[in-house]
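Commentary on secondary and tertiary structure
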Amino acid sequence: EDWFLNRWIGQMGVEWDIAPWITLDYRIGLDNYSERRTEVRPFGSVNTSQRLGDVNDIRLQNMDFNTDLIFRGQTAINSDFDVNYLIGGNMFRTDYDRRSAYGNSFILQGLDDITNTVSQTVGTSNSGKMLLGIYGNVSLGWRNTVYLEGSIRNDRSSTLPVDNNSFTYGGVSLSYVISEQLDVDWLSLLKVRGAYATTANDAPAQSLRDVYSKID
């Protein structure tokens, strides 16, 4: 078996303090890999047609791209209340391609190449999807003791029907830092928190389409 993998991952981020109360944060990431596998069962191999051997060449290519644009900040409303806020947008894209070539029964012994086989079968498959999202989060604090937080996100997915490809989810939480009201040296943090959230997800690529497979 011959196997080769080439993969590289890159990330970059830029941060800009637009004003004392707001910061712009931009992030981008890429994960790209290609893989090549050649699997050979030579002359005399058990479980091959008439023990004449076979060969299977596989080529894989995959790319994931992700980027976020975020505005975030914090400010004090007065001596008792402060607020943290965030609003952002996200784009995620993935593309996958697979190609295979199978050769059955070698003609000449010792030449383990697909061109030296009696019959060949070629297969291809590819998929991809794009997800566009916007999201926000707000946290209101009172005297560093009580925090009320809410978040929401809306996504649009290329794997869903065009007229129904958007879905929204989010959550709220309330927490109380008990340790802020206690004057004890041995306790650094004691907090209780309650939360409610909803979740959602899209469908796998091409799962809503009719597909056809060739059967010999």
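Here the structure is shown first, and the text comes after it.
Figured I'd write up the structure that's included with this text. Because the structure is a prediction, the values reported are computed rather than measured.

On to the sheet that holds strand 7 (residues 166–177). Strand order in the open sheet made by the eight strands is 1-2-3-4-5-6-7-8, with antiparallel pairing throughout. Each end of this open sheet is capped by a strand with a single partner; those strands are strand 1 (2–19) and strand 8 (191–197). Strand-to-strand, the axes of this sheet are offset by a mean angle of 10°, without reference to chain direction. Two strands pair when backbone bridges link them, and strand 5 (residues 117–142) and strand 6 (residues 146–157) are joined in this way by 12 bridges, in the antiparallel orientation. Opposite Tyr-135, over in strand 6, you have Arg-153 as the bridge partner.

A ring pair, where both rings are aromatic, is described by two values, the distance of the centres and the angle of the planes. The final tally for this structure, using the stated rule, is one aromatic pair. Between the aromatic rings of Phe-167 and Tyr-169, the centroid separation amounts to 6.2 Å while the plane-to-plane angle is 15°, which identifies the pairing as stacked. The buried category is assigned to Phe-167, whose relative accessible area is 13%.

All right, on to the pattern of salt bridges then. What the rule picks out here adds up to 12 salt bridges. Of the charged contacts in the structure, one is a salt bridge between Glu-15 and Arg-72, with a shortest N-O distance of 2.7 Å. Taken together, the positions of Glu-15 in strand 1 and Arg-72 in strand 3 (residues 54–76) put the pair 57 residues apart, joining distant regions of the chain. We note a salt bridge from Asp-25 to Arg-27, for which the minimum N-O separation is 2.9 Å. For Arg-27, a relative accessible area of 44% corresponds to the partly exposed category. One salt-bridge network, held together by shared partners, links Glu-15, Asp-25, Arg-27 and Arg-72.

What follows is about the environment of Leu-189. As for its placement among the helices and strands, Leu-189 is situated in the loop between strand 7 and strand 8. Residue Leu-189 is classed as exposed on the basis of its relative accessible area, which comes to 54%. Between the alpha carbons of Leu-189 and Ile-178 there is a distance of 7.7 Å; along the sequence they are 11 residues apart. With sequence-adjacent residues up to four places away left out, Leu-189 is seen in contact with Val-177 and Ser-179.

About the cut-offs
- Residues numbered from 1 in each chain as written.
- Predicted model: local features only at pLDDT ≥ 70, side-chain atom pairs only at ≥ 80, totals over all residues.
- Heavy atoms only, no water.
- Pairing = 2+ DSSP bridges.
- Helix = DSSP H or I, 4+ residues; strand = E, 2+ residues; numbered from the N terminus.
- Axes fitted to C-alpha atoms, helices over the stretch in contact; angles between N-to-C directions.
- Phe/Tyr/Trp six-rings, centres within 6.5 Å; stacked < 30°, edge-to-face > 60°.
- Buried < 20%, exposed > 50% of the residue type's maximum accessible area, 1.4 Å probe, protein only.
- Salt bridge = Lys/Arg side-chain N within 4 Å of Asp/Glu carboxyl O.
- Contact = heavy atoms within 4.5 Å.

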